[in-house]
Amino acid sequence: MNATTITLGTIGVLISLVCWAVFFSGVWRIIASIRLGQRDGTRNGPFVPRLSQMIVEFLGHTKMVKFRTVGWAHWLVMIGFILGSLLWFEAYGETFDPHFHWPLFGATHVWLFIAELLGWGTVIGILVLMVIRQLNHPRVPGRMSRFSGSVFSAAYFVEWVVLIEGLGMIMVKAGKISSGVEEPPIWTSFGTHFVAKALPASLMMVSVFALIKLLSGMIWLFMVGRKVTWGVAWHRLSAFFNIYFKRELGSKRALGAAKPMMSGGKVLEMEDADPDVDAFGAGKIEDFSWKGWLDFTTCTECGRCQSQCPAWNTGKPLSPKLLIMSLRDHGFAKAPYLLAGGKTDMAGDEVGLVGPDGKPDEAALAKIPAAARAEAGRKMVGESAEMIEAGELAPVIDYETLWSCTSCGACVEQCPVDIEHVDHIIDMRRYQVLIESEFPSELAGLFKNLENKGNPWGQNSKDRINWVNEVEFEVPVYGRDADSFDGYEYLFWVGCAGAYEDRAKKTTKAVAELLNVAAVDYLVLGEGETCTGDSARRAGNEFLFQQLAMQNIETFNDLFDGVPQERRKIVVTCAHCFNALSNEYPQVGGHYEVVHHTQLLNKLVRDKRLIPVAPVEGSEQITYHDPCFLGRHNQVYDAPRELIGASAATLTEMPRHGERSLCCGAGGARMWMEENIGKRINIERVDEALDTLGSGTTTQKIATGCPFCRVMLTDGVTARQESGQGEGVEVVDVAQLILDGVRRGGAAPTKELKKQPAKPAAAAATTVVETAPAAAPAEEAPKTAAPKPAVKGLGMAGAAKAPGGAKAPGKGLGMAGGAKAPGGAKAPGAKGLGLAGGAKAPGAKKAAPAAQAPVEAPAAETPAMETPAKPAGLSVKAKGLGMAGGAKAPGAKKPGAPKTAAPAAEPASEATPATEAPAAEAPAKPAGLSVKAKGLGMAGGAKAPGARRSAPAAPKSEPAPEAPAAETQAAEAPEAPTTATPQADDKPALSVKPKGLGMRGGAKPPGKR
């Protein structure tokens, strides 16, 4: 130690004091900004699992290793930063005294070896990363670089600082060796030993190297302290917290269920929500939770999310990376205004900094930087071009950017620091739908159909079981063939697509037949099903999702009444239904064991209950498309592939498969929206599939396990075949491959229907006057052969095509009345899914001539009923998604006709005599499970699914002049004879505080009669 080294050390200390002060001021700004977010207490525990997961993800680099070269290089740099900090702090002493080292361990051979590894590892790792950045630089025209839009100045600064730090570790150690300060064994200094030979023996040189190493770190502290938006630097600290506080523990990360809509730390429910008090989604940056702000801060701008995003890869404006960066920059720019107490209402008026008279406090506002006040006036979501043309500030997020997301989860899956992009996008959509009422016009039709009919197509609920009439074996239907779950193992949830869409119905029939062959006891709900609400939720209509979910949960509770929790099993064919029922329904009180049909079929094959036989003519060539909501969201990858192998087909994987599979373009409610920008996502995926299959001579098929994917891929294949590509390629469900193999083995379904005794009527049930003989059970009633329907699929009015038929290239599901096919061009003026009023439902039988009816058909297809007690409506300020006051709930019959005790009569086309139906006392509604009042409260007097209606007082003997034309005629039916029936089922309506999404008191829950 001498005067020169003391001077160098003093300079280093003084500079470091300033740099540390600036750095900690930046830390404080970040913490203060994060605290501006909404409360969220769901992330606090459990401590040990969260901590262990963070350590595993950090040390194992489980996300980074997906990019193999980047993975190991970044791991070296990360370890060099953490352990190398000990060498960096050692430089404080080395500037004063070249002989300085850490006491106890600083001179040990083990520490010297570790220091050697840290130095060379840091240099090699950062050089590799610098080369990769340049090789993928967006300066090359036409390259879809993952670094496009990243802040390169910040990246270059961090890279060079890390390189200097690594070189500093090497040069200080080499200087000590050359100066004789250290004489370590060669194995502890395998690299620096040779560098030392090129250096002179100088103790001053050691102190200079130490000062350079120290100052490089100080410059880093100073710069990042001033640049709080440099996520590429700050992620070194914030990533640990972001990983620890991720929403989902385990491999599912932040995928699976969508985050519930929260405000002020509580989950919003329909009966409690108030738009004047609660934040419906995210309309302003302060509406995001503190975890959202932590996400924005932690983004490293690496672009892995961008590289995997199907929207970005097909020319859409959405980049998950740029979206998070925009929210980050806006948040920190607005933070001074928010920290000063500024706040605006939904109209944009100042309500935070106001004087005693209620007017804005101009003196307080003047103290806030002008840039922060201007940023506070920016709209969160809007049409950028229109706003700029009008002289306004551009919105933070462009309208098209927000609605381009398919919620496939590829961004979340790839993000190395567990940013939850999809949650933030859904929150912004919620505000746009529920408060602003600004959403793609096609969604208006979707919401209307879900609200009124309980399915996206707007079809009648009675047509959900039309597919049952199209198979050659009996399918037990709850409420018709069974009154309880006794004796059954699975509820087969068919879903909307599986019931109405021709291509998806093939999957439904295949699964039903396979379950029959395997002797699996299952039943279906039939008319009792209602859409799970997946599309509504991901389109931002959270309250409509709650409404549909609570209706289904009530139906499940009736079905599973008295059934142990472990036996409440549901098998589904739709990946979206699978995700909703298994991951999202527990959020509103519905807990069931849900399996995808590929999982159940794979188990049956393993158990030898299904034995597929290979084709004689040779194996088929198959490529498999992973549905996002089956694969990424729920980690089901193996079962479909094992089934393909069991079918003796040859599986060829696409380049993007498994967790990196490309979306089909139907998720996030995109199934029901236009796709006018860039290349269609389904075409992009089909091109990849066709390239994978090549031009072989064997049978070529694209297999999948989701009806949405099947529709989109079929449309893409059709479009390519019209241009001469992919001739003979067919899109099928995995279940169809197994069914073909099972049929080759000679297995046939059992045609007899499982008999189940009717549930005895409860003592408190409604008394019924019996007028019809109870000699034969309903299932033994003879049927008259009905004429085969001439129209297939969704026979809709006008020139609309039936799903599955020939269609224009790249179009979705053709619907009548000018309605757009998902992904196709919209007819002028068409709003949403405009279905013709007289459209016939898919598979519905044609009305028989009047002369063939042995008895008079009722005036309506279902008996008219007295309107049961209904929940009081929820009144809301005229904002958001306004629903008609008299709107009826999905699947509900129109009110107005008197209630009868007669069972639902078969249409005249079925020619089933009403007098052959047994008369039975109406059983009391099953108690079901007591579900906490969440979502949409429903009337207590609603009929439980499966409860048989009473027989009519006296059937008419005259033949019916004409079968009913449509279900909507029920309201015009003449008064039917009724029996003296006390209103045992009618319960008082729920009294709901007038808040949230306002619906009239007369609205009925979806599917209720």
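Residues numbered from 1 in each chain as written. Predicted model: local features only at pLDDT ≥ 70, side-chain atom pairs only at ≥ 80, totals over all residues. Heavy atoms only, no water.

The name given to the chain in an unreviewed UniProt entry is (Fe-S)-binding protein, and the organism recorded there is Speluncibacter jeojiensis.

Colleague: An account of the overall build of the chain is needed here, citing residue identities and associated values.
Modeller: Looking only at helices and strands, the chain has 29 helices and 12 strands in total. Contacts spanning at least 24 positions in sequence make up 80% of the contacts within the chain whose residues lie at least 6 apart. (Helix = DSSP H or I, 4+ residues; strand = E, 2+ residues; numbered from the N terminus. Contact = heavy atoms within 4.5 Å.)

Colleague: Residues and numbers for the packing of aromatic side chains, please.
Modeller: Aromatic rings in a pair are described by how distant their centres are and how their planes are angled relative to each other. On inspection of all chains with the given rule, the structure shows 36 aromatic pairs. Measuring from centroid to centroid gives 5.1 Å for F245 and W290, while their planes differ by 90°, and the two rings are edge-to-face. Taken together, the residues F245 in the loop between α8 (231-244) and β1 (262-263) and W290 in helix α9 (residues 290-298) connect sequence positions 45 residues apart. Judged by its relative accessible area of 18%, F245 falls in the buried class. When the centroid spacing of 6.5 Å and the interplanar angle of 80° are considered together, the rings of W293 and F332 count as edge-to-face. Highlighted residues: W293 in helix α9 and F332 in helix α12 (residues 320-339), separated in sequence by 39 residues. (Phe/Tyr/Trp six-rings, centres within 6.5 Å; stacked < 30°, edge-to-face > 60°. Buried < 20%, exposed > 50% of the residue type's maximum accessible area, 1.4 Å probe, protein only.)

Colleague: Lay out unusual backbone geometry with the relevant residues and their values.
Modeller: That bond from G45 to P46 is cis: its omega, -5°, falls within 30 degrees of zero. Inspection of the secondary structure puts P46 in the loop between α1 (3-34) and α2 (47-60). Positive phi, close to 65°, is recorded for A669, a residue that is not glycine. Tracing the backbone through its elements, the reader meets A669 in the loop between β10 (650-651) and α27 (681-693).

Colleague: An account of the pairing of strand β7 (residues 569-572) is requested, with residue identities and associated values reported.
Modeller: Judged by which residues are buried, β7 turns out to be covered on both faces: K569 and V571 on one side and I570 and V572 on the other are all buried. Taken together, the 3 bridges between strand β5 (residues 490-493) and β7 define a ladder with parallel strand orientation. Counted as the bridge partner of F492 is V571 from β7. Bridging between β7 and strand β8 (residues 593-596) involves 4 bridges; their strand directions are parallel. Looking at β8, one finds that V571 is bridged to V595. Assessed by its sense of winding, the connection that carries the chain from β7 through helix α24 (residues 575-584) to β8 is right-handed. (Pairing = 2+ DSSP bridges. Right-handed = clockwise from strand over helix to strand, strands pointing away.)

Colleague: Go over the sheet that holds β7 with me, naming the residues and quoting the values.
Modeller: On the basis of which strands lie adjacent, the open sheet formed by 4 strands has the order β6-β5-β7-β8 and parallel pairing. Sheet topology places β6 (522-523) and β8 at the edges, where each strand pairs with a single neighbour. Direction of pairing for β5 relative to β6: parallel, over a ladder of 2 bridges. Directly across from L491, in β6, lies its bridge partner L523. Contacts from α24 reach β5, β7 and β8 within the one sheet, and its direction differs from that of β8 by about 160°. (Axes fitted to C-alpha atoms, helices over the stretch in contact; angles between N-to-C directions.)

Colleague: Mind laying out the side chain of K176, listing which residues take part and the relevant values?
Modeller: With respect to the helices and strands, K176 occurs in helix α5 (residues 152-178). Those residues in contact with K176 that lie beyond four places of it in its chain are E94, P98, F100, H101, V181, E182 and V206.

Colleague: Summarise a negative patch on the surface; cite the residues concerned and give the values.
Modeller: Where like charges cluster on the molecular surface, the negative patch consists of E383, E386, E389 and E400. Relative to the helices and strands, E386 resides in helix α15 (residues 384-389). (Patch = residues over 30% accessible without salt bridge, like charges linked within 9 Å, V, L, I, M, F, W, Y side chains within 5 Å. Areas by Shrake-Rupley, 256 points an atom, 1.4 Å probe, with all protein chains shown as cover. Salt bridge = Lys/Arg side-chain N within 4 Å of Asp/Glu carboxyl O. Lys, Arg positive; Asp, Glu negative; His and termini not counted. Charge placed at Lys NZ, Arg CZ, Asp CG, Glu CD.)

Colleague: With reference to specific residues and values, describe the pattern of salt bridges.
Modeller: Between side chains of opposite charge, a pair can form when the charged atoms approach closely. In this structure the tally under the stated criterion is 48 salt bridges. Across the pair E375 and R378 runs a salt bridge whose closest N-O atoms are separated by 2.6 Å. Residue classification places E375 among the buried residues on the basis of a relative accessible area of 13%. For R378, a relative accessible area of 24% gives the class partly exposed. One salt bridge connects K509 with E470, and the closest N-O pair in it is separated by 2.7 Å. Taken together, the residues K509 in helix α21 (residues 502-517) and E470 in the loop between α19 (442-453) and β5 connect sequence positions 39 residues apart. Judged by relative accessible area, which is 24%, K509 ranks as partly exposed. Through salt bridges with shared partners, a single ionic network connects K259, D427, R430, D534, R537, R538, E542 and E584.

Colleague: I'd like a description of helix α3 (residues 68-96), backed by residues and values.
Modeller: With 29 residues, α3 should cover 42 Å at 1.5 Å per step; its first-to-last C-alpha distance of 42 Å lies within 8% of that length. Roughly 45° is the biggest bend found in α3, and it falls at G84. (Expected span 1.5 Å × (residues − 1). Bend = angle between axes of the 7 residues up to and from the residue.)

Colleague: Go over the confidence of the model for the chain with me, naming the residues and quoting the values.
Modeller: Residues at a pLDDT of 70 or more form 74% of the chain, whose mean pLDDT is 79. For the chain, α15 is the element with the lowest average pLDDT, namely 90, and β7 is the one with the highest, namely 98. In this model residues 758-1009 is a low-confidence stretch, pLDDT under 50, and it forms 517 contacts with partners more than four residues away in sequence or in other chains. (pLDDT = per-residue confidence, 0-100.)

Colleague: How would you sum up the packing of helix α7 (residues 203-226) against α8? Please name residues and give values.
Modeller: Running from N to C, α7 and α8 point in directions that differ by 100°, and their axes come no closer than 10 Å. Of the possible angle classes, the one that applies to α7 and α8 is roughly perpendicular. Of the residues in α8, those touching α7 at W220, V224 and G225 are A233, W234 and R236. Looking at side-chain class alone, the contact of α7 with α8 contains 4 nonpolar, 1 polar and 1 charged residues. (Parallel < 35°, antiparallel > 145°, perpendicular 65-115°, else oblique. Nonpolar A, V, L, I, M, F, W, Y, C, P; charged D, E, K, R; others polar.)

Colleague: How would you sum up the UniProt feature "transmembrane region" (unreviewed entry) in the chain? Please name residues and give values.
Modeller: The UniProt record marks residues 6-31, 72-89, 109-132, 153-174, 194-216 and 228-245 with the feature "transmembrane region" (unreviewed entry), using the residue numbering of this structure. Strand forms 0% of residues 72-89 and helix 100%; the C-alpha atoms that close the span are 26 Å apart. (UniProt positions renumbered as here; feature names shortened; annotations may be inferred.)

Colleague: So what about the environment of R464? Which residues, and what values?
Modeller: Note on placement: R464 falls in the loop between α19 and β5. Exposure remark for R464: the relative accessible area of 3% places this residue in the buried category. Counting along the chain gives 62 residues from R464 to G526, while the straight-line C-alpha distance between them is 5.7 Å. Not counting chain neighbours up to four residues away, the residues in contact with R464 comprise G454, N455, G495, C496, A499, Y500, G526, E529, T530 and C531. Within the local environment of R464, its side chain forms a polar contact with the backbone oxygen of E529, the two atoms lying 3.2 Å apart. (Polar contact = N/O pair within 3.5 Å; in protein donor to acceptor, adjacent residues only side chain to side chain.)

Colleague: Tell me about the pairing of strand β12 (residues 730-733), and please be specific about residues and values.
Modeller: Of the strand pairs in this sheet, strand β11 (residues 700-704) and β12 are connected by 4 bridges, and their pairing is parallel. Residue K701 lies in a different strand from β12, and its bridge partner there is E730.

Colleague: Account for α2, with residues named and values stated.
Modeller: Because the α-helix completes a turn every 3.6 residues, residues three or four places apart line up on one side. Helix length check: α2 (14 residues) gives 20 Å between terminal C-alpha atoms against 20 Å at 1.5 Å per residue, within 8%. Of the residues making up α2, those classed as buried are R50, Q53, M54, E57 and F58. With its buried residues spanning 125° around the axis, α2 presents them on a single face. Away from its buried face by more than 90 degrees, α2 exposes V48 and V56. Residues of α2 that are buried in the fold lie against α3 and α8. (Arc of directions from axis to C-beta.)

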